[in-house]
Every structure is written in C-alpha cells, then in structure tokens.
Amino acid sequence: MYKRIYIETQRTILRNLETDDAERFYALNLDKEVLKFTGDKPFENIQTAKDFITNYDQYEKYGVGRLAVMEKITSKFIGWCGLKYSHDKDEYDIGFRFFRQYWNKGFATETAKVCLEFGFNELGLCRIVGRAMKENIASIKVLEKIGMTFKESFDFDGQEGEIFEITNKEYEERSPNR
C-alpha cells in the first residue's frame with residue numbers, strides 16, 4: 001500500500017516526492033557544493049530525476065522515505081529531508097539536502113526534528129542513525145542539534161565518515177513535552 005506522508009513545521013511542508021518535483025530535484029543535484037559531501041553523482045537530466053522519483057519505493061516498502069520540503073511562504077521545493085530504511089544494515093537513517101540559498105537558516109534542523117518525531121512517534125522506531133563525512137561540519141552540527149550523538153567512524157566512499165545515533169528512549173528523555 002502506498003504511504004502518503006504529510007508533515008508541517010512552522011515554515012515548511014514535508015510530503016512524498018512527486019514527479020512534478022523532478023526539475024527542482026534535478027537542479028538541486030546539479031550543484032557541486034550541495035553534492036560535495038554526499039558521495040552522489042548528479043542526475044544526467046530531468047528525465048533521470050523523474051525516473052528516480054517514479055521508481056522510489058521507500059514509501060511503499062517501509063512507510064518512510066526522503067520527503068520533498070516545500071517552503072510554506074512560496075510553495076517552492078527547497079530541498080528534501082527524511083528517513084530511509086537500509087535493508088542491508090537493517091536500520092533507518094536520516095538525511096537532508098537543501099539548495100544553498102536555504103543553508104544556515106535552520107531548515108535542515110527544523111525538518112530533521114519532525115522527521116525524528118515521525119519515526120519515533122508514528123512508526124515506533126527504536127533507533128535512527130545519521131551519517132556524514134567528517135569534513136561536513138554543517139551536517140554534523142544538524143545531527144547534534146537534533147539530539148544525536150557520535151557513535152563511530154566509518155569509511156564513507158573513501159573518506160572518513162561519522163555515524164551518529166539516537167534511540168527512542170534518548171529521544172523521549174530529551175523531548176521537552178514528555
């Protein structure tokens with residue numbers, strides 16, 4: 001069954017990626033600075049971005065996925081954020097990617113926080129991880145701001161990477177409304 005996800009924050013709406021997002025999704029992945037610490041390659045063209053979205057099966061298989069982040073004021077696609085299940089590691093990880101003009105404005109932290117909330121409160125997950133290249137100080141700061149703690153280093157496509165994590169119990173202890 002296809003899982004529709006819709007989450008609002010103060011400044012954004014998070015929802016499933018749609019084929020109409022392909023052009024902006026493609027443009028996001030064209031920026032070398034945006035991809036610098038991801039290990040990903042740019043899409044070849046808008047059609048390959050559309051094909052990626054069409055074949056993206058995280059929502060159906062696992063009830064989670066990377067979500068389009070729409071700025072409420074402009075209704076514009078400004079990036080993505082969300083959980084992804086990795087079958088080979090049997091874990092859920094949080095990720096985010098935004099157009100550069102939205103960096104350092106709190107969008108990654110704001111959306112990542114609600115994705116953790118969704119994972120723990122709606123899906124009943126026990127643990128969520130976040131991965132970042134050690135050089136990616138901005139993403140590491142976001143992972144720390146949302147309550148994740150360093151777990152271990154790992155090889156991130158030939159670069160030194162760091163894994164952060166938070167458990168449901170830690171999340172509940174750190175949540176002010178509990």
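Residues numbered from 1 in each chain as written. Predicted model: local features only at pLDDT ≥ 70, side-chain atom pairs only at ≥ 80, totals over all residues. Heavy atoms only, no water.

1. Section: the overall build of the protein chain
The helix and strand tally for the protein chain stands at seven helices and eight strands. Relative to a compact globule of 178 residues, whose C-alpha radius of gyration would be 16 Å, the protein chain shows 15 Å and is just as compact. Summarising its shape, the C-alpha atoms of the protein chain cover approximately 45 × 35 × 35 Å along the three principal directions. Counting every position in the protein chain, which comprises 178 residues, the buried fraction comes to 50%. Taking all contacts inside the protein chain whose residues are at least 6 apart in sequence as the whole, residues at least 24 apart take part in 58%. (Helix = DSSP H or I, 4+ residues; strand = E, 2+ residues; numbered from the N terminus. Rg over C-alpha atoms; globule rule 2.2 N^0.38 Å. Buried < 20%, exposed > 50% of the residue type's maximum accessible area, 1.4 Å probe, protein only. Contact = heavy atoms within 4.5 Å.)

2. Remarks on the pairing of strand β5 (residues 91-98)
By the criterion of burial, β5 is predominantly enclosed, with eight of the eight residues buried. Residue alternation in β5 divides its side chains into two sets, Glu91, Asp93, Gly95 and Arg97 and Tyr92, Ile94, Phe96 and Phe98, and both sets are buried. Judged from the eight bridges that link them, strand β4 (residues 76-86) and β5 form a sheet pairing that is antiparallel. Its bridge partner lying in β5, Ser86 is registered against Glu91. Hairpin connection from β4 to β5: four residues lie between these consecutive antiparallel strands, with Asp90 at a positive phi of about 50°. Where β5 and strand β6 (residues 127-133) come together, three bridges link them in parallel fashion. What sits directly across from Ile94, in β6, is Gly130. Regarding the hand of the β-α-β motif, the stretch spanning β5, helix α5 (residues 107-122) and β6 is right-handed. (Pairing = 2+ DSSP bridges. Right-handed = clockwise from strand over helix to strand, strands pointing away.)

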